[in-house]
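Structural characterization, general
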Amino acid sequence: MSDSVDLNTRGRRPAFFGDGQIDALLTALLESMSQQWATRERVLALQKLLERRGVIEPGELEAFVFDDADTAKLAADQQAFLADAFRAIGGGFQGLSDREQEIDEFQRG
């Protein structure tokens, strides 16, 4: 095993897989997970703060049920969120020449 691995990533994005797109996807996934954890931690902190101040009772948040209107709004918002998140996967990509043509047409009026 004389293969040498250069671990110096100063000024470069580290690569873990042979395909840079997989690395980019993994980076995006890890960033999303990190942000999700931060949000989860803040929600728990708010819950504990509200409980300690007597605004809500322990367990009240877990027992909360949205009404029908809120449930429908949440479902619609979730669909819009997922559509935004997966737009790049489901939709076709626009090449540079197509984009340039679109810009030229826009500029012509």
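Within each chain, residue numbers correspond to sequence positions counted from 1 in written order. Residue-level local features of this predicted model are given only where pLDDT is at least 70; pairs of side-chain atoms are given and counted only at 80 or more, and the full residue set underlies all totals for whole chains, interfaces and linings. Only hydrogens and water are removed before side-chain values are computed, so all heavy atoms of the structure are retained for them.

The helix count covers DSSP runs of H or I at least four residues long, the strand count covers runs of E at least two residues long, and both are numbered beginning at the N terminus. What the chain contains, in helices and strands, is five helices and zero strands. Put simply, the chain runs from its N terminus to its C terminus through helices and strands in the order α-α-α-α-α. Each residue gets one of three labels from its accessible area relative to the maximum for its type: buried under 20%, exposed over 50%, partly exposed in between, using a 1.4 Å probe on protein chains only. When burial is assessed residue by residue, the chain has 4% of its 109 residues classed as buried. The Shrake-Rupley method, run with a 1.4 Å probe sphere, supplies the accessible areas, and residue values consider only the shown protein chains as cover. Looking at the chain as shown, the accessible area adds up to about 10,500 Å², and 58% of this sits on carbon and sulfur atoms.

Salt bridges are defined by distance alone: a side-chain nitrogen of Lys or Arg within 4 Å of a carboxyl oxygen of Asp or Glu. Under the counting rule described, the total for this entry stands at two salt bridges. Of the charged contacts, one joins E51 and K48 as a salt bridge, the two residues approaching to 3.9 Å between their closest N and O atoms. Of this pair, E51 and K48 both sit in helix α1 (residues 20–52), three residues apart, which is roughly one turn of that helix. Residue D77 pairs with K73 through a salt bridge whose shortest N-O separation is 3.0 Å. One end of the pair, D77, and the other, K73, are both in helix α3 (residues 68–85), four residues apart, so they sit about a helical turn from each other.

On to the packing of aromatic side chains, then. Pairs of aromatic rings are described using the distance from one ring centre to the other and the angle between the two planes. Side-chain rings of Phe, Tyr and Trp (the six-membered ring for Trp) are treated as a pair once their centres are within 6.5 Å; stacked means planes under 30 degrees apart, edge-to-face means over 60, and tilted covers the remaining angles. Within the structure shown, the criterion is met by one aromatic pair. With a centroid separation of 5.1 Å and 90 degrees between ring planes, the pair formed by F64 and F66 is classed as edge-to-face.

Here α3 is 18 residues long and its end C-alpha atoms lie 25 Å apart, about the 26 Å a rise of 1.5 Å per residue gives. The opening residue of α3, the one whose side-chain oxygen lies 3.2 Å from the backbone nitrogen of A69, is D67. By this rule the span expected of a helix is its residue count minus one, scaled by 1.5 Å. Nitrogen and oxygen atoms within 3.5 Å of one another constitute a polar contact, given that in protein one can donate a hydrogen and the other can accept it, and given that sequence-neighbouring residues count only through two side-chain atoms.

Okay, helix α5 (residues 96–108) next. Here α5 is 13 residues long and its end C-alpha atoms lie 18 Å apart, about the 18 Å a rise of 1.5 Å per residue gives. Two residues or fewer past α5, G109 is found with a positive phi of approximately 110 degrees.

Turning our attention to the side chain of E51. Under the relative-accessibility criterion, E51 is labelled buried at 17%. Here, residues are in contact when the closest pair of their heavy atoms is within 4.5 Å. In this structure, E51 is in contact with I56, E57, P58 and G59, ignoring residues within four places of it in sequence.

Taken together, the side chains of F81, L82, F86 and I89 make up a nonpolar region of the molecular surface, amounting to roughly 450 Å² of accessible area. Along the polypeptide, F86 turns up in the loop between α3 and α4 (87–90). The class of F86 is partly exposed, set by a relative accessible area of 48%. Residues form patches when they are more than 30% accessible in relative terms and have no salt bridge. Like charges link within 9 Å. Nonpolar side chains (Val, Leu, Ile, Met, Phe, Trp, Tyr) link within 5 Å.

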